[in-house]
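What follows is the residue order along each chain.
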Amino acid sequence: SAVISQKPSRDICQRGTSLTIQCQVDSQVTMMFWYRQQPGQSLTLIATANQGSEATYESGFVIDKFPISRPNLTFSTLTVSNMSPEDSSIYLCSVEDKGQGAYEQYFGPGTRLTVT
Amino acid sequence: DAKTTQPPSMDCAEGRAANLPCNHSTISGNEYVYWYRQIHSQGPQYIIHGLKNNETNEMASLIITEDRKSSTLILPHATLRDTAVYYCIVRVASYQKVTFGTGTKLQVIP
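The present account deals with the structure reproduced in this document. Since this is a predicted model, take the numbers as computed values, not measurements.

As for the overall build of chain B
Helices and strands together make up the secondary structure of chain B, namely 0 helices and 9 strands. Its C-alpha radius of gyration of 13 Å places chain B within 12% of the 13 Å reference for a compact globule of 110 residues. Dimensions of chain B, computed from C-alpha atoms along their principal axes, come out at roughly 40 × 30 × 25 Å. Expressed as a percentage of its 110 residues, the buried residues of chain B come to 44%. Intrachain contacts of chain B at a sequence separation of at least 6 include 58% that bridge at least 24 residues. Computed over 10 positive and 9 negative side-chain charges, the inter-centroid distance for chain B is 5 Å.

Structure follows, in structure tokens:
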């Protein structure tokens, strides 16, 4: 199974600033996903990031607010730009990998962001 | 992906079996049933998946009805560490994004 790490694990930021979250995977994977989980809510997909192509954003999320990089098959970054308190959430990186005959999705530990 | 319906919350006594239901009446023939769980403040964890046969692994059992319109995740001997939100998802088994519903919050009671 893929092992995913994220940096930072948590941060407290001031409104109007930007934060870049890093996601590192211990194996090469085709698809990486970024999710947001607001307090008390389920996970919401922000975008899908494939290496060598532009990220595909879900409805309600735009590249100017959440720029994503995917420079290689083991790494991705998500930037939360011009932050407001409404951006306070846990941000999760996820990868899709084919395990023993099945496609499984693995998640990083998350980055807990608080915007003041 | 087909939509799923789960009860918002359930309680289970420690040591007893926890049976978590999921309805997926619009599931397509090529869609699998996947279960994940999210323990507080952690990333979701894969539990089990199946197409139409019942499945069992070291964590749980998955029972899928013959018409595939519903399924049940069974934790045979629930422990306090099984307290989590459990998500039932139906999806095709290929590289594809996964959409999470609201899940079932399972509380295991001592």
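Here the narrative resumes, following the displayed structure.
Side note on the pairing of strand β3 (residues 31-38) of chain B
Residue and element names in this part refer to chain B. Across the 8 residues that make up β3, a large majority, 7, are buried. In this structure, β3 lies alongside strand β8 (residues 84-92), joined through 8 bridges in antiparallel fashion. In the strand pairing of β8, Y32 is matched with R91. Across 5 bridges, β3 lies against strand β4 (residues 45-50) in antiparallel orientation. Bridging across to β4, R37 finds its partner in Q45. In textbook terms, the turn of a hairpin is the stretch between consecutive antiparallel strands, and for β3 and β4 this stretch comprises 6 residues, one of which, S41, has a positive phi near 70 degrees.

Comments concerning unusual backbone geometry
Residues and elements named next belong to chain A. Geometrically, the link from K7 to P8 is a cis peptide bond, its omega value of -10 degrees lying close to zero. Within the secondary structure, P8 is located in the loop between β1 (4-7) and β2 (10-13). Located in the positive-phi region is N82, a residue other than glycine, with phi close to 45 degrees. Within the fold, N82 resides in the loop between β8 (75-80) and β9 (89-98).

With respect to the sheet that holds strand β5 (residues 55-56) of chain B
Residue and element names in this part refer to chain B. With antiparallel pairing, 4 strands are arranged side by side in an open sheet as β2-β7-β6-β5. Of all strands in the sheet, those bounded by a partner on one side alone are β2 (18-23) and β5. Strand direction decides the pairing type here: strand β6 (residues 61-64) and strand β7 (residues 70-75), joined by 4 bridges, are antiparallel. By the bridge assignment, L62 is partnered in β7 with L73.

Focus: the pattern of salt bridges
This structure, assessed with the given rule, holds 3 salt bridges over all chains. One salt bridge connects A:K65 with A:D87, and the closest N-O pair in it is separated by 2.7 Å. One end of the pair, A:K65, is in the loop between β6 (56-57) and β7 (68-72); the other, A:D87, is in the loop between β8 and β9, with 22 residues separating them in the sequence. In this structure, the salt-bridge partner of A:E96 is B:R91, at a minimum N-O distance of 2.3 Å. Of this pair, A:E96 sits in strand β9 while B:R91 sits in strand β8, placing the two residues on different chains. Per residue, the accessibility class of A:E96 equals that of B:R91, and both read buried.

The rules behind each value
Residues numbered from 1 in each chain as written. Chains lettered and ligands numbered in written order. Predicted model: local features only at pLDDT ≥ 70, side-chain atom pairs only at ≥ 80, totals over all residues. Heavy atoms only, no water. Helix = DSSP H or I, 4+ residues; strand = E, 2+ residues; numbered from the N terminus. Rg over C-alpha atoms; globule rule 2.2 N^0.38 Å. Buried < 20%, exposed > 50% of the residue type's maximum accessible area, 1.4 Å probe, protein only. Contact = heavy atoms within 4.5 Å. Lys, Arg positive; Asp, Glu negative; His and termini not counted. Charge placed at Lys NZ, Arg CZ, Asp CG, Glu CD. Pairing = 2+ DSSP bridges. Salt bridge = Lys/Arg side-chain N within 4 Å of Asp/Glu carboxyl O.

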